[in-house]
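One-letter residues, chain by chain:
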Amino acid sequence: YFCRHGERWELQLKGSGKTPYSRNGDGRAVLRSSVREFLCSEAMHYLGIPTSRAASLVVSDDDVWRDQFYNGNLKKERGAIVLRLAKSWFRIGSLEILAHSGELDLLRRLLDFVIQEHFPSIAMNDSNRYLEFFSTVVSETANLISLWMSVGFAHGVCNTDNFSLLSITIDYGPFGFMDSYDPNFVPNTSDDERRYKIGNQATVGLFNLSKLLKALKPLLDPRQKQLASQILEGYGEQYYSRFTELFKTKLGLLGENENDNYLIAFLLKVSLLC
């Protein structure tokens, strides 16, 4: 942990080599992607979007082999290491893997740790704390993806391993910003099925939250499971409400008007035709 002004940050090195979590990868990073992550994470922060931060970038003399366009043409690139910071690096996948392997005691301990460290509004002696936790993550995830959409940001790989439990933007891989509005925009050249196209991000967020609920269910009683399902059903409304609010602000629309949503949809359609 790194302490500054009473805050605690977790430090993580990207590109430093293999770890127990590297799977079949080499754990390295190339200079090209490292510079992009450094610049974008800082840009997102100053755009007011919850994100990890970049503290430093060190260039390595080691060579790293990468197939940049996934077409079978490996090229030698210069390596680099990014020191990045976040309040937490725990992801939906961090809980999902424990539930899947049946390690429920460890799942409960990890969840209690995350709540105690990062969700101060939730009382640890509250029997509904996991339900409150889930409700908060659903709401904050809807907010995060709405903010992504408001600046035309496409994450590129929105799986449960890349979705933060604190609802911040993490793991900048094949991300991109739209130059012009296109709901089919895909920054990931390996995403042939367009699974993570920008127009799918809200839906993928719902899918990931459903996986989070599945991981939490062994810790919930029947009543809590039912309530959690109702919370998840409200995700779409929360997303749409926040999305509309952000775009109304962009257009300078004040108050409430039944034609506001129509105007937003119309302007996006015009942008697509242009």
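Sequence positions are assigned chain by chain, starting from 1 and proceeding in written order. The predicted origin of the model limits local features to residues at a pLDDT of at least 70 and limits the giving and counting of side-chain atom pairs to 80 or more, whereas totals for whole chains, interfaces and linings rest on all residues. Computation of side-chain values: all heavy atoms of the structure, hydrogens and water removed.

Chemist: In this structure, what is going on with the domain arrangement of the protein? I would like to understand it.
Modeler: How big an interface is tends to be expressed through the accessible area that disappears when the partners come together. Domain segmentation is taken from an automatic or database assignment of domains. As assigned here, the protein comprises domain 1 (10-86) and domain 2 (92-251). Domain 1 and domain 2 are separated by 23 Å when their C-alpha centres are compared. At the junction of the two partners, domain 1 supplies 18 residues and domain 2 supplies 18 residues. Buried area counts how much accessible surface, traced with a 1.4 Å probe, disappears from two parts once they are put together, with both parts' losses summed. In total, about 1,400 Å² of surface goes out of reach between domain 1 and domain 2, with carbon and sulfur atoms giving 62% of it. Salt bridges, as used here, are contacts in which a Lys or Arg side-chain nitrogen is within 4 Å of a carboxyl oxygen on Asp or Glu. Between domain 1 and domain 2 we count one salt bridge in total. Two residues, Asp171 and Arg84, come together in a salt bridge whose shortest N-O distance is 3.2 Å. Any pair of N or O atoms that falls within 3.5 Å is considered a polar contact. Within protein, one atom must be able to donate a hydrogen and the other to accept it, and sequence-neighbouring residues count only if both atoms are side-chain atoms. There are eight residue pairs in polar contact (both at pLDDT 80 or more) connecting domain 1 and domain 2. Secondary structure follows DSSP: runs of H or I at least 4 residues long count as helices, runs of E at least 2 residues long count as strands, and numbering of each begins at the N terminus. Of all elements in the fold, only helix H1 (31-46) and strand E4 (75-86) reach the threshold of two or more residues within the side of domain 1 that touches domain 2. Split into classes, the residues belonging to the side of domain 1 that touches domain 2 amount to eight nonpolar, five polar and five charged. Whether two residues are in contact is decided by their heavy atoms, any of which lying within 4.5 Å being enough. Each residue gets one of three labels, nonpolar for Ala, Val, Leu, Ile, Met, Phe, Trp, Tyr, Cys and Pro, charged for Asp, Glu, Lys and Arg, and polar for the others, Gly among them.

Chemist: Sorry, what's going on with the environment of Arg66 here?
Modeler: Note that Arg66 resides in strand E3 (residues 53-66). Separated by 11 residues in the primary sequence, Arg66 and Glu77 place their C-alpha atoms 7.1 Å from one another. Beyond its immediate stretch of four places on either side in the chain, Arg66 contacts Asp26, Arg28, Ala29, Val30, Arg32, Asn73, Leu74, Lys75 and Glu77. A distance of 3.0 Å separates the side chain of Arg66 from the side chain of Asp26, its partner in a polar contact.

Chemist: Honestly, the packing of aromatic side chains in this entry has me stumped. Any pointers?
Modeler: Ring pairs (aromatic) are described by centroid distance and by the angle formed between their planes. Classification of ring pairs uses Phe, Tyr and Trp, with its six-membered ring standing for Trp, and accepts pairs whose centres are within 6.5 Å; under 30 degrees between planes counts as stacked, over 60 as edge-to-face, and the remaining range as tilted. This structure, assessed with the given rule, holds 11 aromatic pairs. Taken together, the aromatic side chains of Trp148, Phe153, Phe163, Tyr172, Phe175 and Phe177 make up a single cluster linked through ring pairs. Over a ring means this: the NZ of a Lys or the CZ of an Arg is within 6 Å of the ring centre and within 35 degrees of the ring normal. Over the ring of Trp9 we find Lys87; its NZ or CZ atom is 5.0 Å from the centre of that ring. Seen from the ring of Phe207, Arg195 lies directly overhead, with NZ or CZ sitting 5.3 Å from the centre.

Chemist: What's the story with helix H8 (residues 260-273) in this structure? I'm lost.
Modeler: Owing to its 3.6 residues per turn, the α-helix brings residues three or four apart onto one side. Taking 1.5 Å as the rise per residue, H8 with 14 residues should run 20 Å; its terminal C-alpha atoms sit 20 Å apart, in good agreement. Burial here depends on accessible area, computed with a 1.4 Å probe over protein chains only, as a share of the maximum for the residue type. Under 20% is buried, over 50% is exposed, and the range in between is partly exposed. Of the positions making up H8, those classed as buried are Asp260, Ile264 and Leu268. What you see down the axis of H8 is that its buried residues fit within an arc of 70°, all on one side. H8 presents Tyr262, Lys269 and Leu273 as exposed residues on the side facing more than 90 degrees away from its buried surface. Along its buried surface, H8 packs onto helix H7 (235-251). Residue count minus one, scaled by 1.5 Å, sets the expected span of a helix. Comment: arc refers to directions from the helix axis out to C-beta atoms.

Chemist: I keep staring at the environment of Val64 and nothing clicks. Help me out?
Modeler: With respect to the helices and strands, the residue Val64 is situated in strand E3. What Val64 contacts, discounting residues up to four positions off in sequence, is Asp26, Arg28, Ala29, Val30, Lys75, Lys76, Glu77 and Gly79.

Chemist: Looking at this model, I keep getting lost on the packing of helix H2 (residues 92-100) against helix H3 (residues 104-118). Mind explaining?
Modeler: Between two packed helices, both the angle of their axes relative to each other and the distance between the axes serve to describe the pair. Taken N-terminus to C-terminus, the directions of H2 and H3 make an angle of 160°; their axes are 8 Å apart at the nearest point. As far as their axial angle goes, H3 and H2 are roughly antiparallel. Crossing hand, H2 versus H3: left-handed. Counted together, Ser94, Leu95, Leu98 and Ala99 of H2 and Leu106, Leu107, Leu110 and Leu111 of H3 form the full contact between these two elements. Here, axes are lines fitted to C-alpha atoms. For helices the fit covers the stretch in contact, and angles between N-to-C directions go from 0 to 180 degrees. Roughly parallel means an angle under 35 degrees; roughly antiparallel, over 145; roughly perpendicular, 65 to 115; everything else is oblique. In this scheme the crossing of two helices becomes right-handed for a clockwise turn of the near helix relative to the far one and left-handed for an anticlockwise turn of less than a right angle.

Chemist: Where do I start with the pattern of salt bridges in this structure?
Modeler: It is possible for side chains bearing opposite charge to pair when their charged atoms get close. Under the criterion given, the structure shown has 16 salt bridges. Notably, a salt bridge pairs Glu117 with Arg8, separated by 2.1 Å at the nearest N-O pair. In this pair, Glu117 sits in helix H3 while Arg8 sits in strand E2 (residues 7-14), placing the two residues 109 residues apart along the sequence. Residue classification places Arg8 among the partly exposed residues on the basis of a relative accessible area of 38%. Taken together, the shared-partner salt bridges in this structure form one network comprising Lys14, Glu37, Arg84, Arg91 and Asp171.

Chemist: Is there a simple way to explain unusual backbone geometry in this structure?
Modeler: Where the residue is not glycine, phi is negative for most of them; where a peptide bond is considered, it is trans in most cases. Unusually for a residue other than glycine, Ser167 sits at a positive phi of about 55°. By the element assignment, Ser167 lies in the loop between strand E5 (153-154) and strand E6 (176-177). Despite not being glycine, Asp171 shows a phi value in the positive range, around 60°. Turning to its location among the elements, Asp171 is positioned in the loop between E5 and E6.

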